[in-house]
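Observations on chain architecture
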There are 2 protein chains.
Amino acid sequence: MRKHYIEKLVSMMGETEFDAILVCPSEELKFFAGFSPMMCERFQGLFIKKDGSCFYVCNLLYGDEIKESFNHEIPVYTWFDGDGMTNVVGKILEEQGLKGATVGVNSSAQAFNVLEITDKCGVNFKNAKPLLEEVRIRKTPEELENLRKAAAIADAAFEPTIKFIRPGLTEGQIRDFMFEQMSSRGGTNLWAIVASGPNSGFPHYSGYDRVIQEQDIMVLDWGCEYNEMQSDISRTVFVGDATEDQRRIYELVDRAQLASQEAAVEGAWIPDIDKAARVVLDEQDYAKTLINRVGHGIGYMIHEAPDIKECNPRRLERGMCFSIEPGVYLANVYGMRIENIVAINEKGETEILNKVTRELTIIK
Amino acid sequence: MRKHYIEKLVSMMGETEFDAILVCPSEELKFFAGFSPMMCERFQGLFIKKDGSCFYVCNLLYGDEIKESFNHEIPVYTWFDGDGMTNVVGKILEEQGLKGATVGVNSSAQAFNVLEITDKCGVNFKNAKPLLEEVRIRKTPEELENLRKAAAIADAAFEPTIKFIRPGLTEGQIRDFMFEQMSSRGGTNLWAIVASGPNSGFPHYSGYDRVIQEQDIMVLDWGCEYNEMQSDISRTVFVGDATEDQRRIYELVDRAQLASQEAAVEGAWIPDIDKAARVVLDEQDYAKTLINRVGHGIGYMIHEAPDIKECNPRRLERGMCFSIEPGVYLANVYGMRIENIVAINEKGETEILNKVTRELTIIK
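Just so it is clear, the structure is predicted and the values come from calculations on it, not from any experiment.

A word on the overall build of chain A. Secondary structure summary: chain A contains 11 helices and 18 strands in total. Based on the C-alpha atoms only, the size of chain A along its principal axes is roughly 70 × 45 × 35 Å. Every one of the 364 residues in chain A was classed for burial, and the buried ones make up 51%. Across chain A, contacts joining residues at least 24 apart in sequence account for 63% of those joining residues at least 6 apart.

Printed below as a string of structure tokens:
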């Protein structure tokens, strides 16, 4: 158990309506417990109560494994398939004084289980994802150092990948090459979006089959984990050549990204950071093609607080770490995106963690 | 859209409290819509209303992709990051007449999103996983045929794997070999548990690092997908030799599995099928080491209805398909399991889909 983080959550819980927080298997559980087991449809999770005590509930099937993982530090209650989940969990929650209580849930809690418990056991659940994100929204110097290393591993994949890409390869072959580059440098939990030609118009494109062609625009978006911290970077590159129009739009996206990045200083109002990129894109009527938030927080998860978006009314604080990634997206036509991870570091400076060139890159 | 299945769900919804069902990305969505997109933390899902009409809600980021995937057959509403999810979703649900309604959720709905919508938009959510499973609990002849093929692909991996296993290999190397065997025969969505030595005592062991040693007991549990249908089989094998004690317990597990398998006839009371294996294990006081249900339904998902367990009071019907997989588990010591998929087929016969030998297998 990582008692420091549990204590921090408990101290923050005092100011909320929550009597306890339920953390199901996820990065969030790993953050508090130091491990996270696999989760199937059987209900399981760690309950952290506002008095600071904790207990875990899981199916009997996982009981011995979970007890070992916790070094027998906290009570682990088990329920047996044959008895029915809510019959047993109801008694456990009553024993723990949580009957009628308000319990906050993390991001991986399954609605069907939580709703079944509400129905049968008289416990009220509410969304506690924002509270759990608040606990880790200001990164420690050690977390910042691992974020820098995770960014450096992703960065190092760029140059070799640019040399590797050529017409005739599939998106999947390029993704696999990027995986090797990050893995060989110590990255884990690898992921990459390789969106070529018309696929680049979908910000979260998930295919891998298209064959790269001359004149393709390619959006590359990739990252990995290092010591529990994530990286996430995007660059847009051009195969063979870029037209005048493409150069003009690339320059616009580049300026939009820089505008938000430069607005991201300690104390800045987050909606203003989001707006900065949109104002630049609007010069050429492209603001409407930026169909998502300008950025998202990053750390233990690829997406965590703070979101850089209009409806997030707060100021940047020291230790916050997030992406700045405006883009232009025309579905099935083309897309362009430039993304860096930015931290408000220990000294309160705006530190750009990614060092990869943002110059227009043509693959010859 | 697979209208036949939607109509079936809608006809069954009439007898429930549900005004609509929310199906988030999952195999369940693929079942109804023919596709399932990636899901991030942004709320999205298909709403199927009791009047038979449908609509989809997703983030603007995914709007174009989702509209295309639905061939523009149903309304797709989008919400923009900058506006906040519940602000937009509340209006959509009101427009669709679902304010104050009771909406059932599928197995992949995220609790934090659903609870946030309850809080801000005045919609009541409840668990609809059992209803969604009921829609497909009796497999069609075509589904049964694909279940047979999926089982045959898994079966075909056994003999080559037995020849491949030798002391010195890691569990992960054996898993990868099994993947190749299934993949080369047309299986997709491959998975395998390779639990050796003391790891075999954990029914859902998820590690891969241990090196196989002489005298190891190994539980192999593997499967794949074929035409949307899943397979799932387990065998226990012995490296080098098996002791007298091990042979005695293997014979016990074998008889326990056969007892439940033979009890699984059309019209059988499900708790009795679960009990049959336990009665055999109890002969040698091993019933308490069977720490989970005797089986689970299988089809579009590896785990779906009907569960073969004491608290599932219903009878087996034609078309039901499920595992029978009793085991003996002693955490960190050893475990043994034999698992077959069983169907009550078109003729009402008990058909064992897996054909792999259940004779005690020694790897020399």
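Time to look at the sheet that holds strand E6 (residues 124-127) of chain B. In a beta sheet, neighbouring strands pair by backbone hydrogen bonds and run either parallel or antiparallel. Across the sheet, which stays open at both edges, the 6 strands sit in the order E4-E3-E2-E1-E5-E6 (chain B) with mixed pairing between neighbours. Across the chains shown, the open sheet's two edge strands, defined by having one partner strand only, are strand E4 (76-79) and E6 of chain B. Looking at each pair of strands side by side, their axes are set apart by 25° on average, direction ignored. Bridge analysis of strand E5 (residues 102-105) of chain B against E6(B) gives 4 bridges, and the strand direction is parallel. Directly across from Thr102(B), in E6(B), lies its bridge partner Asn124(B). Where helix H5 (residues 111-121) of chain A meets the sheet, it contacts E5 and E6 of chain B, and its direction lies at approximately 100° from that of E6(B). In this fold helix H1 (residues 3-13) of chain B packs onto strand E1 (20-23), strand E2 (45-49) and strand E3 (54-59) of chain B, with an angle of close to 55° to the strand it touches most, E2(B).

Time to look at the interface of chain A and chain B. Taken together, the 39 residues of chain A in the interface contact 39 residues of chain B. Those elements giving two or more residues to the side of chain A that touches chain B turn out to be helix H3 (60-69), H5 and strand E6 (124-127) of chain A. Here the side of chain A that touches chain B is composed, by residue class, of 17 nonpolar, 9 polar and 13 charged.

Let's shift gears to the domain arrangement of chain A. A common way to express how large an interface is: the accessible area buried when the components associate. Residues and elements named next belong to chain A. For chain A, the assigned domains read domain 1 (3-135) and domain 2 (141-363). Computed from C-alpha coordinates alone, the two centres of domain 1 and domain 2 are separated by 35 Å. Listed per partner, the contact involves 5 residues of domain 1 and 4 residues of domain 2. Sorting the residues of the side of domain 1 that touches domain 2 by element identifies helix H2 (27-33) and helix H6 (129-135) as the ones contributing at least two each. A per-element tally of the side of domain 1 that touches domain 2 places H6 first, with 3 residues.

Before going further, it helps to examine the relation of the copies chain A and chain B. Screw-axis analysis of chain A against chain B gives a translation of 0.0 Å along the axis, an RMSD of 0.0 Å, and a rotation angle of 180°. Between the two chains, the operation in question is that of a two-fold axis. The C-alpha atom lying nearest the rotation axis in chain A is that of Ala111(A); the distance is 1.9 Å. Taken as a fraction of all interface residues of chain A, those also at the interface in chain B reach 100%, which identifies the copy contact as same-surface.

Another point: the sheet that holds strand E5 (residues 102-105) of chain A. Residue and element names in this part refer to chain A. Strand order in the open sheet made by the 6 strands is E4-E3-E2-E1-E5-E6, with mixed pairing throughout. The sheet is open, and its two borders are formed by strand E4 (76-79) and E6, each paired with just one other strand. For this sheet the average axis-to-axis angle between neighbouring strands, irrespective of direction, equals 25°. By the bridge criterion, 4 bridges tie strand E2 (residues 45-49) to strand E3 (residues 54-59) in an arrangement that is antiparallel.

A separate point is helix H9 (residues 171-183) of chain B. Counting along an α-helix, one turn takes 3.6 residues, and residues three or four places apart therefore face a common direction. Here H9(B) is 13 residues long and its end C-alpha atoms lie 18 Å apart, about the 18 Å a rise of 1.5 Å per residue gives. Residues of H9(B) that are buried sit in contact with helix H7 (141-156), helix H8 (158-164), strand E7 (188-196) and strand E8 (217-226) of chain B.

The next point concerns the packing of helix H4 (residues 85-95) of chain A against H5(A). Residues and elements named next belong to chain A. Close contact between H4 and H5 brings their axes to 10 Å; oriented N to C, the two are set at 70°. Between H4 and H5, the angle is such that the two are roughly perpendicular. On H5, the residues touching Thr86, Val89, Gly90 and Leu93 of H4 are Glu116, Ile117, Lys120 and Cys121. Residues of the contact of H4 with H5, tallied by class, amount to 4 nonpolar, 2 polar and 2 charged.

Here the focus is the environment of Lys275(B). Residue and element names in this part refer to chain B. Here Lys275 lies in helix H11 (residues 270-282). For Lys275, a count of 20 C-beta atoms within 10 Å gives the class buried. Separated by 12 residues in sequence, Lys275 and Ala263 place their C-alpha atoms 9.5 Å apart.

As a further point, take the nonpolar core. Counting residues in each nonpolar core, the largest one holds 230 residues, and the members touching the most others are Ile21(A), Val105(A), Ile21(B) and Val105(B). Beyond its immediate chain neighbours, meaning those up to four positions away, Val105(B) contacts Ala111(A), Phe112(A), Leu115(A), Leu22(B), Val114(B), Phe125(B), Asn127(B) and Ala128(B).

Attention now moves to the environment of His204(A). Relative to the assigned elements, His204(A) resides in the loop between strand E7 (188-196) and strand E8 (217-226). When the 16 C-beta atoms within 10 Å are taken as the criterion, His204(A) is described as partly exposed. Distance from His204(A) to Val194(A), taken between C-alpha atoms, is 9.7 Å for residues 10 residues apart in sequence. Beyond its immediate sequence surroundings of up to four residues, His204(A) is in contact with Met38(B), Leu61(B) and Tyr62(B).

Residues and elements named next belong to chain A. Direction vectors running N to C along helix H10 (residues 244-263) and helix H11 (residues 270-282) enclose 155°, while the axes themselves pass 8 Å from each other. With respect to each other, H10 and H11 are oriented roughly antiparallel. The chirality of how H10 crosses H11 is right-handed. From H10, Leu252, Arg255, Ala256, Gln257, Ala259, Ser260 and Ala263 reach across to H11, where they touch Asp272, Ile273, Ala276, Ala277, Val279, Val280 and Leu281. Grouping the amino acids of the contact of H10 with H11 by side-chain chemistry returns 10 nonpolar, 2 polar and 2 charged.

Rules used throughout
- Residues numbered from 1 in each chain as written.
- Chains lettered and ligands numbered in written order.
- Predicted model: local features only at pLDDT ≥ 70, side-chain atom pairs only at ≥ 80, totals over all residues.
- Helix = DSSP H or I, 4+ residues; strand = E, 2+ residues; numbered from the N terminus.
- Buried ≥ 20, exposed ≤ 12 C-beta atoms within 10 Å, placed from the backbone.
- Contact = placed C-beta atoms within 7 Å.
- Pairing = 2+ DSSP bridges.
- Axes fitted to C-alpha atoms, helices over the stretch in contact; angles between N-to-C directions.
- Nonpolar A, V, L, I, M, F, W, Y, C, P; charged D, E, K, R; others polar.
- Domains from an automatic or database assignment.
- Least-squares fit on C-alpha atoms with pLDDT ≥ 70 in both.
- Expected span 1.5 Å × (residues − 1).
- Parallel < 35°, antiparallel > 145°, perpendicular 65-115°, else oblique.
- Core = buried A, V, L, I, M, F, W, Y, C linked by C-beta atoms within 7 Å.
- Left-handed = near helix turned anticlockwise from the far one by under 90°.

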